[in-house]
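# Observations on the model geometry
What follows is the residue order along each chain.
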Amino acid sequence: MSDSHFTPDELERWRFGLAQANLNNILCHCRDCDETWMASDDENLVCACGSRRVEHIPCWQFPDG
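Quick caveat: nothing in here was measured; it's all calculated off a predicted structure.

## Quick notes on the overall build of the protein
- For the protein, the count of helices and strands is one helix and three strands.
- The C-alpha atoms of the protein give 15 Å as radius of gyration, which overshoots the globular expectation for 65 residues (11 Å, by more than 25%).
- On the principal axes, the C-alpha backbone points of the protein span a range of 50 × 30 × 15 Å.
- Residues counted as buried form 15% of the 65 residues belonging to the protein.
- Once local pairs closer than 6 in sequence are excluded, the contacts in the protein between residues at least 24 apart make up 33%.
- Carbon and sulfur atoms provide 51% of the accessible area of the protein, an area that totals close to 5,300 Å².
- A gap of 5 Å separates the mean positions of the 5 positive and 12 negative side-chain charges of the protein.

This is how it looks when you write it as structure tokens:
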């Protein structure tokens, strides 16, 4: 038995919604030069300074207002 409270269809819609929310909405911060920018995804993030020491968080996790 599954521990999910969602039907497979509901879970798929939820995952799709999160993926859509992440498009062009990843907040990035370079740990080396302190640069901050927005990215489209969190794959292979590299800062303009060349550093790969980048923190990132999807913006949907921030509360509105």
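## A few points about the packing of aromatic side chains
- For the structure shown, the criterion picks out one aromatic pair.
- Taking 6.4 Å as the distance between ring centres and 15° as the angle between the ring planes, the aromatic pair formed by Phe 6 and Trp 14 counts as stacked.
- By relative accessible area, Phe 6 is classed as partly exposed at 43%.

## Points about unusual backbone geometry
- For Asp 34, which is not glycine, the phi dihedral falls at a positive 70°.
- Residue classification places Asp 34 among the exposed positions, given a relative accessible area of 55%.

## Some remarks on the sheet that holds strand E2 (residues 36-39)
- Pairing in this open sheet of three strands is antiparallel, and the strands run E2-E1-E3 from one edge to the other. Both outer strands of the open sheet, E2 and strand E3 (54-58), are each paired with one neighbouring strand and no more. Direction aside, neighbouring strands of the sheet carry axes that sit 25° apart on average.
- Of the pairings in the sheet, the one linking strand E1 (residues 26-30) to E2 comprises four bridges and is antiparallel in character. Note that in E2 the partner of Ile 26 across the bridge is Ala 39.

## Side note on the confidence of the model for the protein
- Confidence in the prediction of the protein, expressed as mean pLDDT, is 86, and 92% of residues score 70 or more.
- By mean pLDDT, the top-scoring element of the protein is E1 (93), and the lowest-scoring one is helix H1 (residues 8-22) (86).

Calculation criteria
Residues numbered from 1 in each chain as written. Predicted model: local features only at pLDDT ≥ 70, side-chain atom pairs only at ≥ 80, totals over all residues. Heavy atoms only, no water. Helix = DSSP H or I, 4+ residues; strand = E, 2+ residues; numbered from the N terminus. Rg over C-alpha atoms; globule rule 2.2 N^0.38 Å. Buried < 20%, exposed > 50% of the residue type's maximum accessible area, 1.4 Å probe, protein only. Contact = heavy atoms within 4.5 Å. Areas by Shrake-Rupley, 256 points an atom, 1.4 Å probe, with all protein chains shown as cover. Lys, Arg positive; Asp, Glu negative; His and termini not counted. Charge placed at Lys NZ, Arg CZ, Asp CG, Glu CD. Phe/Tyr/Trp six-rings, centres within 6.5 Å; stacked < 30°, edge-to-face > 60°. Pairing = 2+ DSSP bridges. Axes fitted to C-alpha atoms, helices over the stretch in contact; angles between N-to-C directions. pLDDT = per-residue confidence, 0-100.

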